[in-house]
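Observations on chain architecture
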Amino acid sequence: MAPKGTVKPYPQFNATEDANALRAAMKGLGTDEDAILTLLTARANDQRQKIAAQYKSLFGKDLVDDLKSELGGKFERVIIGLMVPPVLYDVQELRHALKGAGTDEKVLIEILASRTSSQIKEVIAAYKQEYDADLEEAVAGDTGGHFQRMLVVLLQASRQKGVDESCIQQDAQDLFAAGEQKWGTDEEKFITILGNRSAEHLRRVFDEYMKISGYEIEESIEKETSGSTKDLFLAVVKCARSVPAYFAESLYNAMKGGGTDDNTLIRIMVSRSEVDMLDIRDNFRRLFATSLYSMIKGDTSGDYRKALLLLSGGDDA
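One structure accompanies this document, and this report is about it. (Residues numbered from 1 in each chain as written. Predicted model: local features only at pLDDT ≥ 70, side-chain atom pairs only at ≥ 80, totals over all residues. Heavy atoms only, no water.)

Thoughts on the environment of His96
By the secondary structure assignment, His96 is in helix α6 (residues 86-99). Residue His96 is classed as exposed on the basis of its relative accessible area, which comes to 56%. C-alpha of His96 to C-alpha of Asp231: the two residues are 135 residues apart in sequence and 20 Å apart in space. (Helix = DSSP H or I, 4+ residues; strand = E, 2+ residues; numbered from the N terminus. Buried < 20%, exposed > 50% of the residue type's maximum accessible area, 1.4 Å probe, protein only.)

Listed below in structure tokens is the structure:
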């Protein structure tokens, strides 16, 4: 299936021309931010890597270092994020989430709930290579309880393939017995089923659960669990239903009300721009009766806004 991203490989790509254009944008007095953001948002990530290599060959300077010295604030974070290979971007975000003061649980939930098994395996390998550390140990050392156990299950990246018809009914019954039917909640059953079944299988289980209980699985999780465990269970359920819809909702929540969760906004716009941003936009429009473009426009400003709007790929008014 063709990627449904807004950022695609640039057809007339020429690394030397691009490297020269970026150097010209940063040389002398002042910086041409427009030239930088227009160029880099119109190149695929592997093309940006080639530009960085060519830049070093031509000028003996590191492109990312030069960009950091010329740019600032949230705009800089978007541009530097675009320069990082996708797996490494996830790795760096996880590292920051685990290493800062307190654990940024939102980042752990978003990345580990939404990535495929093969992507999680790549992230684990890249984390080891980059930091000479074990991601599972780092996560387990920084979290606790059922939240920790669910994350560890997701890090095993051992989801079954396809749908097992023989256990759809049983899985739905087990979830019902573990939650709605019980005084207190048996989180372990939720962890095992939500962490190990395929998305297709889980969608069938959720339909069956609705028939048995009269509730959507999300409603039961909201009632039966709390805190980070609840947030993680809900993210896994939402990603099983639709990853783009999950990200559309995350973007909406990052911008609604007073203040903006810029960390989430930047992370999703950078990491999904080549993957499924068009699908995210469709879901955003469907779920919230406004376009992603218009919400970003109303919530951000300056070069930061320009870069995000280019990554969004246009309006759906």
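Now, onward.
Focus on the side chain of Ser291
Among the structural elements, Ser291 can be located in the loop between α18 (277-288) and α19 (292-299). Residue class for Ser291 comes out buried when judged on its relative accessible area of 1%. Polar side-chain contacts of Ser291 include one of 2.5 Å to the side chain of Asp315. (Polar contact = N/O pair within 3.5 Å; in protein donor to acceptor, adjacent residues only side chain to side chain.)

Some points on the pattern of salt bridges
Summed over the entire model, instances satisfying the criterion amount to 22 salt bridges. Residues Asp66 and Arg23 are paired through a salt bridge, measuring 3.9 Å at the closest nitrogen-oxygen approach. Within this pair, whereas Asp66 is found in helix α4 (residues 63-70), its partner Arg23 is found in helix α1 (residues 15-26), the two being separated by 43 residues in sequence. Across the salt bridge formed by Lys56 and Asp62, the nearest N and O atoms sit 3.4 Å from each other. A relative accessible area of 46% places Lys56 in the partly exposed class. By relative accessible area, which is 28% here, Asp62 ends up partly exposed. Connected via shared salt-bridge partners are Arg23, Lys61 and Asp66. (Salt bridge = Lys/Arg side-chain N within 4 Å of Asp/Glu carboxyl O.)

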